[in-house]
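# Coordinate analysis (summary)
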Amino acid sequence: MTDMDITQGLSALLNGPWRDPAQWPAAFPDADLRRLSQPGRALAERLLAGPWSLPALVAAGLAGLDDDGRAHFAEQVGAIAAGQRTLITSWDPRRWDSSPRETSPRDDGVMFRPTPVATLDWLADQPGYVEFARVAVEAAEARARAVQAGEIPYTTKAFDGDESAVGRAVRVALHRDEPWLPDVLDGLVRGIAVAPTQARTLPSMALLYEIARAVEELPTPEAINSMRTARRIARHAGVIKELDRKLKRMVSALAERLDVAFRMPDGRLRRQVGEHVAVISVDDGVELSWWHGDKKVKSVPAAVRRDHPEEVTRLRDLVKQARQHQVTLARALEAGYTSATPPPYRQLAGNPMADRVIWEFEVEPGVWRAELGLTVPDVPVRLWHPARATVEEVRAWREVVQHKEIKQPFKQAFREIYPLTPAEEAAGTTSLRFADHVVVYSRLYALLKDRGWQAPYMGHWEGGYDDRARRLLAGGRWRATLAHSLHDADHAVTGEVRFQRPSGVEPVDEWDDGWRDVPLAEVPPLLFSEAMRDVDLFVGVTSIAADPGWADRESGRLRDYWRRGAVAELSSSAEVRRDALARLLPRLAVADRCTLTGRFLVVRGDLRTYKIHLGSANVLMEPDDAYLCVVAGRSSPKGLFLPFEEDGRLSLIISKALLLADDTAITDPSITRQIRSL
């Protein structure tokens, strides 16, 4: 009997009257069991002769070879995985009918596909699995501890066969945010990240990476700290490099997991080091300072460097972590704008960052009051957004931020808004507001990843010339997409923006990813505005229109686009920049030489008058609007407070204005030659 004969025989039975689980009898008739047992035994014997597989488990049970199957698995997999299989085989087979199918929306092109949340929820609901997950992780931690203590001979295969079972258990525990997990997971990763000897190997690289992937999918502040510890103690150069990459993705993913992100430590610390005290403060940026009594020391004291070098290194690492925490927390706050459920903002009480954010409190049903800082207790709270405020309120809050020089953790008071236009409403499901822009593709791809959009890297291969970047919103209930295609090896062209929702039905073919386009008029306004804000940022930062180097390029499609884009109508982000400049100009020493017009900051020099475009920061010279190629620094004048600096364009415009207002003092021949070429 061949494998094909066995397979066809079983398929004929299982695809017959028993194909529909609803038709299954409470117990199979003896005659039917006898019909199944012969091919089942033959298949089981063949499968049990090879490596472990789920078909082997099914066939063994069908053929009445459970003991043989368990013995086989004990040899093929580790003890933890064998325990998992024992648990799974104890479940009623009818439970599998309720297990999640591959009907959840997919983001094709993503190299690493995380375990669906529905699968984790289903597993947690099965009898005994949550308890097994804890036993599995604790058993792995105990084994790692025994390896480090020399109780188990050291090998790089200490967890062979158990990696998937432990990884799945860690995922369920992370998803449920189990309180027992942090300490156990920390001990486990410490035990598997480094050999108990001086070798550069480790007890299980595969398990360490499996746990790292789990934390990347479902990060918690504590789990990320454990992975940082693993990276710090690891000796294997390849492991260190890989963990560096994964840690960046973990931190980025944590900003999207709002149910846990806000319990991150704010980074403040006070520690005695010899006769001095080290203080890490986070009031306005992260700073490490040293004190001797009540006197602040300018740098690390010589005695501390000499007697406590390891502690100095550790404190500097903590400063880096605190800075990263600040970035992550700011991103998490921003993500709250598109959250499907109210995030636990109250966890930020006492965090200095919360004092620099504008909040809204529901003081009466349907009545929201804006305040700076978490000042109103025991009522619902949400982030203030200009799209929910009147023009007068927006203007007032911008004045507060500017006057008090409040460095907000993210762009809030001066945040752009993007209402749906009549043309977009009429178009139905597509917005062309940011279409047909030529961008530097490498910069676009990096910025897409930085803002949480997913897209495969395009290239000159079949199917690699165009794609859609995707960003999940509102906890996966919505998705925004940005079409883009390659123009050449270095440049891409942007396309339409669409919004989609899960279809909730089985995919019809391999091209169906489970999402359906939605009319733009049905997209929640705040969600629409935030997604379009991202796209505006992509275009503004990566468009070739902002590159002064294109002034000398040969004519062609890209040069023509550059000439149009360099002086185009202002986008929403440029309009906000204009408003900020209107508030800043009176504080500049050259205020009497500067005037704001519709799209330009006009600067009067002694030799010529210049027009700096508020979108691209490109410069035109009167009277003939000749282009002036000038590469100025992005630093703002000392003592001048900038209310935001998301893309560097605001400080660039100011630095160009200061340079050109005193044009007779310019000594760079590449600039003076252009100015004097009348």
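Here's a quick rundown of the structure. (Residues numbered from 1 in each chain as written. Predicted model: local features only at pLDDT ≥ 70, side-chain atom pairs only at ≥ 80, totals over all residues. Heavy atoms only, no water.)

Attention now moves to the overall build of the protein. Broken down by element type, the protein carries 23 helices and 17 strands. Counting all 678 residues of the protein, 48% fall into the buried class. Of all intrachain contacts in the protein linking residues separated by at least 6 positions in sequence, the fraction that spans at least 24 positions is 61%. Total accessible area computed for the protein in this model is approximately 33400 Å², and 52% of it derives from carbon and sulfur atoms. (Helix = DSSP H or I, 4+ residues; strand = E, 2+ residues; numbered from the N terminus. Buried < 20%, exposed > 50% of the residue type's maximum accessible area, 1.4 Å probe, protein only. Contact = heavy atoms within 4.5 Å. Areas by Shrake-Rupley, 256 points an atom, 1.4 Å probe, with all protein chains shown as cover.)

With the rule as written, the count across this model stands at twelve aromatic pairs. With a centroid separation of 6.0 Å and 85° between ring planes, the pair formed by Trp91 and Trp122 is classed as edge-to-face. Here the residue Trp91 occupies a position in the loop between helix 5 (79-89) and helix 6 (117-125), and Trp122 occupies one in helix 6, the gap between them amounting to 31 residues. An identical accessibility class is assigned to Trp91 and Trp122; each is buried. (Phe/Tyr/Trp six-rings, centres within 6.5 Å; stacked < 30°, edge-to-face > 60°.)

What follows concerns the nonpolar core. Tyr129, Leu188, Leu208, Ile211, Met227, Leu333 and Trp359 are the most contacted members of the largest nonpolar core, which totals 79 residues. Ignoring any residue separated from it by four or fewer positions in sequence, one finds Tyr129 in contact with Gln84, Leu87, Trp91, Leu123, Arg168, Ala169 and Val172. Ala580, Leu584, Leu640 and Leu652 belong to the second-largest nonpolar core, a separate cluster that totals 43 residues. (Core = buried A, V, L, I, M, F, W, Y, C linked by side-chain atoms within 4.5 Å.)

Attention shifts here to the pairing of strand 2 (residues 276-281). Within strand 2, six of the six residues are buried, leaving the element largely enclosed by the surrounding structure. Here strand 1 (residues 269-273) runs beside strand 2; their pairing, made up of five bridges, is antiparallel. Looking across to strand 2, one finds that Arg271 is bridged to Ala278. The hairpin turn running from strand 1 into strand 2, its antiparallel successor, is two residues long, and Gly274 in that turn takes a positive phi close to 65°. Direction of pairing for strand 2 relative to strand 3 (residues 287-292): antiparallel, over a ladder of five bridges. Paired with Ala278 across the bridge in strand 3 is Trp290. The antiparallel pairing of strand 2 with strand 3 creates a hairpin that spans five residues between the two strands, and Gly285 there sits at a positive phi of about 90°. (Pairing = 2+ DSSP bridges.)

Moving on: empty space enclosed by the protein. Sizing a probe to match a water molecule and rolling it over the atoms shows the empty space that remains. Evaluated as defined, the whole model comprises two cavities of 30 Å³ or more. Estimated volume of the largest cavity: approximately 70 Å³. In this structure, the largest cavity is lined by Ala173, Leu174, Asp177, Glu178, Leu181, Pro182, Leu185, Thr220, Glu222, Ala223 and Arg263. Looking at the lining of the largest cavity, the elements with two or more residues in it are helix 8 (163-176), helix 9 (181-192) and helix 11 (221-233). Of all the elements, helix 9 adds the most residues to the lining of the largest cavity, at three residues. By residue class, the composition of the lining of the largest cavity is six nonpolar, one polar and four charged. Of the voids in this model, the second largest cavity is the one considered here, and its volume is about 60 Å³. Considering the residues around the second largest cavity, the lining is formed by Pro221, Ile224, Asn225, Arg228, Val251, Leu254, Met264, His325 and Thr328. Ranked by the residues each element gives to the lining of the second largest cavity, the list is headed by helix 11, at four residues. (1 Å grid on protein atoms, 1.4 Å probe; cavity = no way out; pocket = protein on both sides within 12 Å on 5 of 7 lines; lining within 4 Å. Points joined across faces, edges and corners; volume = space filled by probe spheres on them. Nonpolar A, V, L, I, M, F, W, Y, C, P; charged D, E, K, R; others polar.)

In space, the five strands of this open sheet follow the order 13-14-15-16-17, with antiparallel pairing throughout. Each having just a single partner strand, strand 13 (594-596) and strand 17 (626-628) make up the two edges of the open sheet. Geometrically, the sheet is characterised by an average inter-axis angle of 30° between neighbouring strands, direction not taken into account. (Axes fitted to C-alpha atoms, helices over the stretch in contact; angles between N-to-C directions.)

Further remarks concern helix 8. Across its 14 residues, helix 8 extends 20 Å between first and last C-alpha, which sits within 8% of the 20 Å expected from 1.5 Å per residue. Of all 14 residues making up helix 8, ten are buried, and the element is well covered by its neighbours. Looking only at helix 8, the buried set comprises Glu163, Ala165, Val166, Gly167, Ala169, Val170, Arg171, Val172, Ala173 and Leu174. Where the residues of helix 8 are buried, they touch helix 5, helix 6, helix 7 (129-149), helix 9, helix 10 (205-217) and helix 11. Immediately downstream of helix 8, the backbone of Asp177 shows phi near 55°, a positive value. (Expected span 1.5 Å × (residues − 1).)

Right, let's talk about unusual backbone geometry for a bit. Residue Pro623 is reached from Glu622 by a cis peptide bond, and omega for that bond is 10°. As for its position among the elements, Pro623 is in the loop between strand 16 (619-621) and strand 17. Of note in this structure, Glu405 is not a glycine but carries a positive phi near 50°. A positive phi is found at Ala617, a non-glycine position, where the angle reads about 70°. Along the chain, Ala617 falls in the loop between strand 15 (609-613) and strand 16.

Here the focus is the pattern of salt bridges. Within this structure, the stated rule accounts for 43 salt bridges. Two residues, Asp307 and Arg306, come together in a salt bridge whose shortest N-O distance is 3.1 Å. For Arg306, a relative accessible area of 58% puts it in the exposed group. For the salt bridge of Arg331 with Asp450, the shortest nitrogen-to-oxygen distance reads 2.5 Å. With Arg331 in helix 15 (residues 309-335) and Asp450 in helix 18 (residues 441-450), this pair connects stretches of sequence that are 119 residues apart. Residues joined in a network through salt bridges with shared partners are Glu334, Lys411, Arg415, Glu416, Arg451, Arg471, Glu530, Arg533 and Asp534. (Salt bridge = Lys/Arg side-chain N within 4 Å of Asp/Glu carboxyl O.)

All right, on to the packing of helix 7 against helix 8 then. Close contact between helix 7 and helix 8 brings their axes to 9 Å; oriented N to C, the two are set at 120°. With respect to helix 8, the axis of helix 7 lies oblique. Helix-helix and strand crossings are classified by hand; for helix 7 and helix 8 the assignment is left-handed. Contacts from Tyr129, Val130, Ala133, Ala136, Val137 and Ala140 in helix 7 reach Val166, Arg168, Ala169, Val170, Val172 and Arg176 in helix 8. Its residues placed into classes, the contact of helix 7 with helix 8 shows ten nonpolar, no polar and two charged. (Parallel < 35°, antiparallel > 145°, perpendicular 65-115°, else oblique. Left-handed = near helix turned anticlockwise from the far one by under 90°.)

This part takes up the side chain of Glu242. Assignment of secondary structure puts Glu242 in helix 12 (residues 237-254). Its relative accessible area of 15% is what places Glu242 among the buried residues. For Glu242, the contacting residues outside a window of four places in its chain are Tyr209 and Arg249.

Across six bridges, the pairing between strand 5 (residues 358-364) and strand 6 (residues 367-372) is antiparallel. Within strand 6, the position partnered with Trp359 by the bridge is Glu371.

Ordered in space as 1-2-3-4, the four strands form an open sheet in which the pairing is antiparallel. Two strands bound the open sheet, and with one partner strand each, they are strand 1 and strand 4 (295-297). The mean inter-strand angle of the sheet, taken between neighbouring strand axes irrespective of direction, is 30°. Strand contacts of helix 15: strand 1, strand 2 and strand 3, with the helix running at about 175° to strand 1, the strand carrying the most contacts.

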